[in-house]
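A structural walkthrough
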Amino acid sequence: MISFAKVFSVIFHPVFILLYSFCFYFQIDHHQNYLNTNPSLFISLFIFIFIMGVVFPLISMLIMYRSKTISSLSIPIRKERLPILSLVLIYYSMIYYVFWNWNNQWANSLELYLSFLFGGIITLFLATLITLKWKISLHSIAISGFSGGMLGALLETIGDWAYVYNIEEMMIYNTILLLLIGLVAYSRLILNSHTPKQVLAGTALGFTIELTCVLQHIHI
């Protein structure tokens with residue numbers, strides 16, 4: 001079980017969630033989501049998110065580890081998480097700004113994903129404030145935010161905003177995401193990385209904010 005928990009924690013490390021969410025969102029087949037029919041454009045956006053949302057944070061973590069700013073790449077010490085969270089917040093804000101410009105150019109086709117990105121910025125900001133005094137589960141925040149945001153996108157696209165052509169497929173994917181919340185939380189508890197309260201708090205924070213932002217189209 002320990003080995004399973006370690007592998008699961010790596011696969012669903014918070015740094016990878018933005019990349020997963022991008023791929024998932026554009027699997028929703030509706031009439032305004034033309035990016036899923038444009039492979040070259042999708043690949044370009046994927047590479048951009050990969051560099052800004054995955055490569056840059058990982059390089060930053062490695063530099064901090066080599067300079068002894070953090071004692072471990074898993075960042076188990078609460079105070080050591082603060083500089084990482086601050087940098088990731090900056091990277092996410094840059095991603096959001098670029099997507100905001102693209103959304104205006106592409107007839108608001110990125111509207112829901114823009115709300116998801118904005119929800120991520122709010123969540124990261126609150127997680128940073130909480131980390132000043134208390135260690136909250138970032139894994140739980142990330143996977144629950146992913147699930148909440150994508151559930152919000154699905155619920156919104158079967159409403160007045162658009163029509164989903166692959167509704168059954170998306171329902172299956174969203175069900176899997178909900179199950180992953182429990183599996184990731186269990187993995188963190190098995191590894192003694194967090195207490196139940198820290199996991200529950202992270203789950204509630206990520207899921208609530210992302211679901212609300214996407215359903216209500218909240219973004220700047």
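Residues numbered from 1 in each chain as written. Predicted model: local features only at pLDDT ≥ 70, side-chain atom pairs only at ≥ 80, totals over all residues. Heavy atoms only, no water.

1. Some points on the environment of Phe8
Of note, Phe8 is situated in helix H1 (residues 2–11). Along the sequence, Phe8 and Leu180 sit 172 residues apart, while their C-alpha atoms lie 9.7 Å from each other. Apart from residues no more than four positions distant in its own chain, Phe8 is found in contact with Leu180, Leu183, Val184 and Ser187. (Helix = DSSP H or I, 4+ residues; strand = E, 2+ residues; numbered from the N terminus. Contact = heavy atoms within 4.5 Å.)

2. Section: the side chain of Ser137
Along the polypeptide, Ser137 turns up in the loop between helix H5 (111–131) and helix H6 (138–157). Assessed through its relative accessible area of 0%, Ser137 is described here as buried. At 3.0 Å, the side chain of Ser137 and the side chain of Ser140 are in polar contact. Residues contacting Ser137, with those up to four places away along its chain left out, are Arg188, His194, Gln198, Val199 and Gly202. (Buried < 20%, exposed > 50% of the residue type's maximum accessible area, 1.4 Å probe, protein only. Polar contact = N/O pair within 3.5 Å; in protein donor to acceptor, adjacent residues only side chain to side chain.)

3. Here we look at the packing of aromatic side chains
Summed over the entire model, instances satisfying the criterion amount to 23 aromatic pairs. When the centroid spacing of 6.4 Å and the interplanar angle of 80° are considered together, the rings of Phe22 and Phe99 count as edge-to-face. Here Phe99 lies in helix H4 (residues 81–105) and Phe22 lies in helix H2 (residues 14–25), a separation of 77 residues in the sequence. You'll find Phe22 and Phe99 in the same group, each marked buried. Ring centres of Phe99 and Tyr113 lie 5.6 Å apart, and the angle between their planes is 50°; on these two criteria the pair is classed as tilted. (Phe/Tyr/Trp six-rings, centres within 6.5 Å; stacked < 30°, edge-to-face > 60°.)

4. Some words on H4
Given a rise of 1.5 Å per residue, 25 residues ought to cover 36 Å, and the 36 Å separating the end C-alpha atoms of H4 matches this to within 8%. Of the positions making up H4, those classed as buried are Arg81, Leu82, Ile84, Leu85, Val88, Leu89, Tyr91, Tyr92, Ile95, Tyr96, Phe99 and Asn103. Tucked inside the fold, the buried residues of H4 contact H2, helix H3 (39–66), H5 and H6. (Expected span 1.5 Å × (residues − 1).)

5. Digging into the packing of H5 against helix H8 (residues 196–215)
At their nearest, the axes of H5 and H8 sit 8 Å apart, and the two run at 145° to each other. Regarding H5 and H8, the two cross each other, and that crossing is right-handed. For the pair H5 and H8, contact is made by Leu112, Ser115, Phe116, Gly119, Gly120, Ile122, Thr123, Leu126, Ala127 and Ile130 and by Leu205, Gly206, Ile209, Glu210, Cys213 and Val214, respectively. By residue class, the composition of the contact of H5 with H8 is 10 nonpolar, five polar and one charged. (Axes fitted to C-alpha atoms, helices over the stretch in contact; angles between N-to-C directions. Left-handed = near helix turned anticlockwise from the far one by under 90°. Nonpolar A, V, L, I, M, F, W, Y, C, P; charged D, E, K, R; others polar.)

6. Description of the confidence of the model for the chain
Chain-level pLDDT for the chain is 90 on average; 94% of the residues reach the 70-or-more range. The lowest-confidence element of the chain is H1, averaging 90 in pLDDT; the highest-confidence one is H8, averaging 96. (pLDDT = per-residue confidence, 0-100.)

7. Some details on the packing of H2 against H6
Axis separation between H2 and H6 bottoms out at 9 Å; the angle between their running directions is 10°. The angle between H2 and H6 places the two elements in the roughly parallel class. As for the relative orientation of H2 and H6, their crossing is right-handed in sense. Contacts from Pro14, Ile17, Tyr20, Ser21, Phe24 and Tyr25 of H2 reach H6 at Leu138, His139, Ala142, Ile143, Phe146, Met150 and Ala153. Classifying every residue of the contact of H2 with H6 by side-chain character gives 11 nonpolar, two polar and no charged. (Parallel < 35°, antiparallel > 145°, perpendicular 65-115°, else oblique.)

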